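Here's the letter readout for the chains.
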Amino acid sequence: MPLPRRGGEQRLTGARVLQTSLPRATPRSPRRVGRGTPLLSHAQRLTRRRHSSEQVPPETKQADFRSGVARMGSRQRICGTEEVVIPCASDSDSGSVDLQLNNLEDIQKDVPSVEELTDTDISDIPGLTEEPLQDNLRPLAPRAPLNEDSVERLVLNIQEILHGEKGELEKLEFLRSLSSLSQTLPYYETTESFIHRHTAEIVHVLSALLQEEPLHSLSSLVRRELIVTITDLSYQDVHLLFGSEDREDLLALITKSIICLPATGTPACLPSTVPNQSSERECLYRQTFQAFSVMLQSQVLKDPHLENFDSIFKHIDPWLQSEKDHERKRAAAIMAQVLKCLLSYLSLKLPLQFQRLGHLVAVMALLCGDPQKEVATEAAEGTHYLLQITLRLKYTIQDRSSGRALRDALRRCRELLEHYSVKCFYCCPFKIIQVFEVFLDSQELSQFIMTILDSLRSLPHPCIQQTAGELLITLVKSAEARFEKVPEIIGVICARLSIITLPSVRQQITSTVSLFLSSPKYTDVVLSHLLCHPVPYDRHLAELWRTLKVELTSTTWVLWRLLRKLQKCHNAPTQAKMAYVAVAVTDALYEVLMGNRLRAAAFRLFPQLLMTLLVQTHHSIGLTMSDVHIPSGLYAEQEIPTDVTPMCFAIQATKTLLLRTQCWQEFGIMEKSSGWNLLTGESHLQGVFLLANALLERNQPFAHKTLYLLVPLINRGNIKHKITSAAFFVELLKSPVARRLPRVYSTVRLRDWLCDDNNLFRIIALRGLHNLVRHREMREDVSSLLPCILDRLHETDERIVLLAIQTLLQLVRMLDSTTLAAMMQTLLSLFGDVRRDIHQNSMTLFGASIKSVKSTEKKSVETQVLGSLVPLLLFSQDEDSDIAEESRRVLTLCAWFLKWKLPPEVYCKDPFYIKPNEAGRVCRFFGEKCKGKINILDQILMCSKESTLPIRRTAVLFIGLLSKYTDPSELTMQGTEWIESHLRAWLQDPEPSLRLLASQALFRIQRVGSESQSRVSWLRKLLGCLYT
C-alpha cells in the first residue's frame, strides 16, 4: 500500500543516515560519520562548531581557555575509515562570546531615566549580543525521501526487532533502522504515526539495550548508535528524553553510562596486546562521548529555554561533584558545550522559571578551582558562557524599577573585571564569585551558599575543600545583607562542622558565621539557630562559639543580643519547667567567655552579664535537666544528660566571667568563703551578698556600674529576678555613691519592700536600711521608717528580727523617750528567746538603749530597766558563755542607770548552786534593792518557764534564798500556794540537782508561809484581847 505523503515543507534536517543493508535515504541527505559516508548531520556540525576553526570569522577570534591539550582538525581521520572529533578546544573558538574589559560598556550615558533602559541599550554591550545562526545550523532545503517500499521495510524491520531476540547485530540494525526512518518523518504521515504510537515502547527498549551494555567497557558500538539515534529523532521533534518519568530515567541512564566509563588512560580498559586495539577503543570512546555531547546540544537547540536546560543540568549536576577526576572532567566538558549552545540559541520568553542559577554558579566556581587542570579549564570556559547568559537573563527579568540597579550592577561588574585578565579571571573562583554576586538575587545567593556547604561532605580533594571555604567567606563578605535563608545556612554549617577536617576551612566557616552574627539583620536569627542544639555543646559547636571572629565594633552587640535572650526568660512568669533556651544561652555564654574573643565586650557588659547569670543561678536552684522544657526531637540521637544540671552551666559561666574580667580577688573570696555553695542552695541570697561585698571591696568601678544598672533593673522581670537584683543592690548601698541616689530609688523603695508580704523582700529592705544608716546624710531619711522597723521585732522569721535589731542599734540614739520605752518593752519579751542570736542581740540593743537615755527622760524607761534585772541576773548563768557575758554587761548598765553598785559576786562565772554563800549575798542585794519596786519572785518564776537547765536551777535556788527577803505582807496577801505549785512540779524533774534544789526551796517557802500565818494569828489574838 502506498504511504500517504506530507507536503514538501522545509524542516531541520535530521541526524546522520545509517549505512546498512536496508534501504537508506538519498545521498543528498546528511549521513552518519564513521560508516563510510562523507556528509555530516546537523548534530555533528553542531558539535564540530565547538572544536573546529574552519568557519571562524577572523574578527571573532577568542582567547583559548584550555592549554596543553592535544588538538585535532575536524576532518582528521583516525582508525581507518572512522572520522572522530576530539572533545577539546581549538585555538580560536567561534562559538563563544568574549566578555572583554574594554567591550563591557555601561548603559548609554545620555539615558534620561531608569525606565528608558531598553533592549537597544543592552545590545550596545558587545558581550551581550547574540551570535548569528551559522549556515550549517540553518534549515536545509528538503531532500528526496526514501521510496515507499524502503520505508515499509524499515517499519517491518523495527517491529520485528522490537518483539524479538536482540543480539549485537540486531541491536545495531534496529538502531540504524530507527534513525533512517526518522529521516522520512517530514514526508510520510504513516511514519510519524508509527513513531509516536510506539514511543513508549521505543523508550523502554532503548533503556533495556543500554542496561545490557557493560559499564566498564569502552568498545560499545551499541551505546554510540543509541545516542546518535536519539539525536536524530530529536531533530524530527520526537523527544525521547523529556516529558515523562521513563524518558527522564533514560537520560539519567545515558548520562551515567557515558560519564562512568573508565578513564581512557587506564591500562585495563585499553589493553595494548594488539598494536591498534588501544587506539581503536579510544577512537570509539571519543565518538561516543561526542555523540552524547551532540545529543544534549540537540535538546537545547530544539528547546533553547532555561527550563529545558534546567532538566539537563539536573542529570549532569551529580557528576560535576564526583570524587573521580575523569568523571568531573567529562561532566565539566559536557556542561561547557551545553552552556555554549544555550548562549547561542537562548530563548528568554517570560515567564522564566530557571530556579537553580545560584547552585550552578557555585558548582562551576568550585570546578574552576579544581586541582585537575583539565577540569578547571573546562569549567572556566563554561563559566565564561554562564556569565553572559546571566547578564541576558537579568536584563530580561528586570522590572521598570530595577533599571538603575542593573546599570549599577553592570558598572560594578566592569570595575571588578578591570583588575583581571579574562583568562586569569575565569580560572580564579574568588574573582568569579565577586562578579556573579552583583547579579544574583537573595534566593540565588542562598542557593550558592547551600551548594558550597553541601559540597563539603563530598569534596574529593582537600584543596577543593579549601576553595569551598574561601568561596563561602568571599560571598558572605560581598553580599552579607542580601541573604534570606540564613537559618537554613546556619543549620547546614552546624551539620557539616564534624566533617570539615582542614583547620583553615574550619576558620573560614567560623568567619562566615561571625559575619552573619555581626550583621544586626541576622544576629537574632543566627543565635536562635545556634542555641537549638543539645547541651552541653559538642566539641565542634563549642569550638565555633569560642572562635567567633566578630568585628570589634559588633562584639558588644552580639554579646548583648545573646544576653537579652536569657533576660527574656527571666522576664516571663515562673513556669513549672525552665525554658531550654535559658540553659542553652548560659552554656553559650560560658563557651564565648572561654574563647576570649569577646573579652572587650565582656568588660563593657560586665554588670549586665553578672546580674543575669546570678538571676539564672536563682532560677536553677534544685533543678535537673528533667525540669527543663526540652524541645521535641532535640535529643533524638542521644540521651538527655543526667550528669549536668542548669546550675552547673550557670555557675561555670559566672566563674568564667569573673576570671575573664580580671576579678581574681573576688573569685578568691568566693572560693574561700564557700560562696559558690551558698549560691546553689537555700542560702542563695547570702551568696549574692558575699559576691556584692567582694566586688565593692576589690573593684569599685565595676561595683558602681552595677549599682547604676540596678536602679532601673530591679523593677523588671519575675519574682526571682527582682529578689536577686534587689539583694545585690542593697549590698552596694554601702558605697558612698549611694548618697547620690534620689530618695525614690533608696528609702522609698526600701520602705515598700519593708511592707511587702514576701519575707525575702523584708530581709532585703532591712539589710538595705542597715547599709544606708552608715551614711550620716541618710540617717534622717531612714529614721522616718522607725515604726515599720519596730514592727519587724514581732516577726517570726529570725533573719528579719536580727536585721531589725542591727538597724535599730545604729538608730537608737535618734529615738525619743516614748519610742525607746516601747522598744525596750518589746526587747524584754525577746530575753530568753530560744534563738540564740535573737536572745543575745536583744540584750545588746537593750543595753544600747539604756546608754542612749537622756538624764531628763530616765523616769520613762525606769520600769523597763527594773523589769530586766531578774532576767539578766538569771541569764548570767547561761551555759552559753557569750550570752552569760552579755547579760552581766547589760546588768551592769542597768545598775549604772539605777545608780546601784552591784556586789562582786554577780560577776562570778561559776554556777551559783555550787557557791551558795555567794548566791545568798546576791539574793540579799537584789531582795533589798527591789523591795517595794517589783515582785521579784514572780519575775523569777516567769523567766524559769521553758528555759534551759542552768537557768531553771538558778531560778529555783534564788526562790529559796529570796524567800527570807520577801515582804511578809506580800506573801500573806498573795499566799504561797502558787509558788509551791511550781516547786512541786520541779520535784518531778528528771535532773537530781534540780529536784534537790526544788525541795530545799519548797521547805523555805513553806517555813516562811507558816511563820507569816503564826504572826497573823498572834496579831488576831492580841487584837481580840484588846477588844475585850
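These numbers come from a predicted model, not from an experiment.

**What about the overall build of the protein?**
Across its full length, the protein holds 47 helices and two strands. The buried share among the 1028 residues of the protein stands at 57%. Total accessible area on the protein stands at roughly 43700 Å², and carbon and sulfur atoms take up 51% of it.

**Side note on the packing of helix H42 (residues 916–930) against helix H44 (residues 949–962)**
The description of two helices packed together rests on the angle between their axes and the distance between the axes. One way to put it is that H42 packs onto H44 with a least axis distance of 9 Å and a crossing angle of 65°. Judged by the twist between their axes, the crossing of H42 over H44 is right-handed. Residue-level inspection shows Pro916, Ala919, Gly920, Cys923 and Gly927 of H42 in contact with H44, the latter providing Leu957, Phe958, Leu961 and Leu962.

**Quick word on the nonpolar core**
By size, the foremost hydrophobic cluster in this structure holds 299 residues, and its most contacted members are Ile254, Phe483, Trp545, Phe728 and Phe926. With 11 residues, helix H11 (residues 325–345) is the largest single contributor of residues to this core. Every residue in contact with Ile254, bar those within four places of it in the chain, is listed here: Leu210, Leu226, Ile227, Ile230, Leu241, Phe292 and Met295.

**A closer look at the packing of aromatic side chains**
Applying the stated criterion across every chain yields a total of 11 aromatic pairs. Plain terms: the ring middles of Phe831 and Phe846 are 5.4 Å apart, the flat faces sit at 70° to each other, and that makes the pair edge-to-face. Placement of Phe831 in the loop between helix H38 (817–830) and helix H39 (836–852) and of Phe846 in helix H39 is noted, with a sequence separation of 15 residues between them. Pair check on accessibility: Phe831 and Phe846 agree, each one buried. An aromatic cluster of at least three residues, connected via ring pairs, comprises Phe603, Phe606 and Phe702. Above the face of the Trp896 ring, Lys858 is positioned so that its terminal group lies 5.3 Å from the ring centre. One cation-aromatic arrangement involves Lys858 over Phe897; the distance from NZ or CZ to the ring centre is 5.4 Å.

**Re the packing of helix H23 (residues 555–571) against helix H24 (residues 580–595)**
Two elements in contact, H23 and H24, have axes whose closest approach is 9 Å; the angle formed by their N-to-C orientations is 150°. Considering the angle they form, H23 stands roughly antiparallel to H24. Crossing of H23 over H24 shows left-handed handedness. Here Leu559, Leu562, Leu563, Lys565, Leu566 and Cys569 of H23 come into contact with H24, specifically with Val581, Ala582, Val585, Thr586, Ala588, Leu589 and Val592. In terms of residue class, the contact of H23 with H24 is built from 11 nonpolar, one polar and one charged.

**A short note on the layout of surface pockets**
Leftover empty space is mapped by rolling, across the atoms, a probe with the size of a water molecule. Of the volumes computed, that of the second largest pocket is approximately 460 Å³. Along the wall of the second largest pocket there are 22 residues; nearest its centre are His533, Pro534, Asp538, Glu637 and Gln638. Elements supplying a minimum of two residues to the lining of the second largest pocket: helix H19 (486–496) and helix H22 (539–546). Of all the elements, H19 adds the most residues to the lining of the second largest pocket, at three residues.

**Focus on the pattern of salt bridges**
Scanning the entire structure with this criterion turns up 29 salt bridges. Measuring nitrogen to oxygen at the nearest pair gives 3.2 Å for the salt bridge that ties Arg356 to Asp317. Of this pair, Arg356 sits in the loop between H11 and helix H12 (357–368) while Asp317 is found in helix H10 (residues 306–320), placing the two residues 39 residues apart along the sequence. Ionic pairing is found between Arg889 and Glu886, a salt bridge with its closest N-O pair at 2.6 Å. Taken together, the residues Arg889 and Glu886, both in helix H41 (residues 881–898) and three residues apart, mark about one turn of the helix. On the basis of relative accessibility, which here comes to 36%, the residue Arg889 falls in the partly exposed class. Taken together, the shared-partner salt bridges connect Arg836, Asp837, Asp880 and Asp882 into one network.

**Describing unusual backbone geometry**
At the junction of Val535 and Pro536, the peptide bond is cis and its omega measures out at -5° in the coordinates. Among the structural elements, Pro536 can be located in the loop between helix H21 (523–531) and H22. In the Ramachandran plot, Gln662 falls in the positive-phi region, its phi being about 65° despite a non-glycine side chain. Relative to the helices and strands, Gln662 is located in the loop between helix H27 (646–660) and helix H28 (664–672). Phi is positive for Lys899, close to 65°, though the residue is something other than glycine. With respect to the helices and strands, the residue Lys899 is situated in the loop between H41 and H42.

**Quick look at the environment of Ala479**
Along the chain, Ala479 turns up in helix H18 (residues 462–479). Since its relative accessible area comes to 2%, Ala479 is described here as buried. Each C-alpha atom, one on Ala479 and one on Val438, is 8.3 Å from the other, the two residues being 41 residues apart in sequence. Contact partners of Ala479, with chain neighbours within four places excluded, come to Glu437 and Leu445.

**Quick word on the confidence of the model for the protein**
Overall, the predicted model of the protein reaches an average pLDDT of 76, with 77% of residues at or above 70. A low-confidence stretch, residues 1–143 stays under pLDDT 50, and its non-local contacts, those more than four residues away or across chains, total 353 contacts. Low pLDDT, under 50, characterises residues 266–275; the predicted model gives this stretch 14 contacts beyond four residues in sequence or across chains.

**A look at helix H37 (residues 798–811)**
Since the α-helix advances by 3.6 residues per turn, residues separated by three or four positions end up pointing in the same direction. Counted at 1.5 Å a residue, the expected span for H37 with its 14 residues is 20 Å, and the 20 Å between its end C-alpha atoms agrees. Among all positions in H37, only Ile800, Val801, Leu802, Leu803, Ala804, Ile805, Thr807, Leu808 and Leu811 are buried. Close packing links the buried residues of H37 with helix H34 (759–772), helix H35 (776–783), helix H36 (786–791), H38 and H39. Put simply, Asp797 is the residue that caps the front of H37, since its side-chain oxygen is 2.9 Å from the backbone nitrogen of Arg799.

**Things to note about the side chain of Arg888**
Along the chain, the position of Arg888 falls in helix H41. Arg888 sits in the buried class, given a relative accessible area of 7%. When neighbours within four sequence positions are excluded, Arg888 is seen to be in contact with Ser876, Val906, Tyr907, Cys908 and Lys909.

**Concerning H28**
Every buried residue of H28 is listed here: Glu666, Phe667, Ile669 and Met670. Considered in projection along H28, the buried side chains sweep an arc of 160° and stay on one side of the axis. Seen from the open side of H28, the exposed residues pointing more than 90 degrees away from its buried face are Trp664 and Lys672. Buried positions along H28 lie against H27, helix H29 (675–680) and helix H30 (684–698). Looking one or two residues beyond H28, the residue adopting positive phi is Ser674, at roughly 55°.

**Observations concerning the state of the cysteines**
Applying the stated criterion across every chain yields a total of zero disulfides. Left without a disulfide partner, Cys532 is nearest to the cysteine sulfur of Cys494, which lies 9.9 Å away. Residue class for Cys532 comes out exposed when judged on its relative accessible area of 51%.

The rules behind each value
Residues numbered from 1 in each chain as written. Predicted model: local features only at pLDDT ≥ 70, side-chain atom pairs only at ≥ 80, totals over all residues. Heavy atoms only, no water. Helix = DSSP H or I, 4+ residues; strand = E, 2+ residues; numbered from the N terminus. Buried < 20%, exposed > 50% of the residue type's maximum accessible area, 1.4 Å probe, protein only. Areas by Shrake-Rupley, 256 points an atom, 1.4 Å probe, with all protein chains shown as cover. Axes fitted to C-alpha atoms, helices over the stretch in contact; angles between N-to-C directions. Left-handed = near helix turned anticlockwise from the far one by under 90°. Contact = heavy atoms within 4.5 Å. Core = buried A, V, L, I, M, F, W, Y, C linked by side-chain atoms within 4.5 Å. Phe/Tyr/Trp six-rings, centres within 6.5 Å; stacked < 30°, edge-to-face > 60°. Lys NZ or Arg CZ within 6 Å of the ring centre and 35° of its normal. Parallel < 35°, antiparallel > 145°, perpendicular 65-115°, else oblique. Nonpolar A, V, L, I, M, F, W, Y, C, P; charged D, E, K, R; others polar. 1 Å grid on protein atoms, 1.4 Å probe; cavity = no way out; pocket = protein on both sides within 12 Å on 5 of 7 lines; lining within 4 Å. Points joined across faces, edges and corners; volume = space filled by probe spheres on them. Salt bridge = Lys/Arg side-chain N within 4 Å of Asp/Glu carboxyl O. pLDDT = per-residue confidence, 0-100. Expected span 1.5 Å × (residues − 1). Polar contact = N/O pair within 3.5 Å; in protein donor to acceptor, adjacent residues only side chain to side chain. Arc of directions from axis to C-beta. Disulfide = S-S within 2.5 Å.

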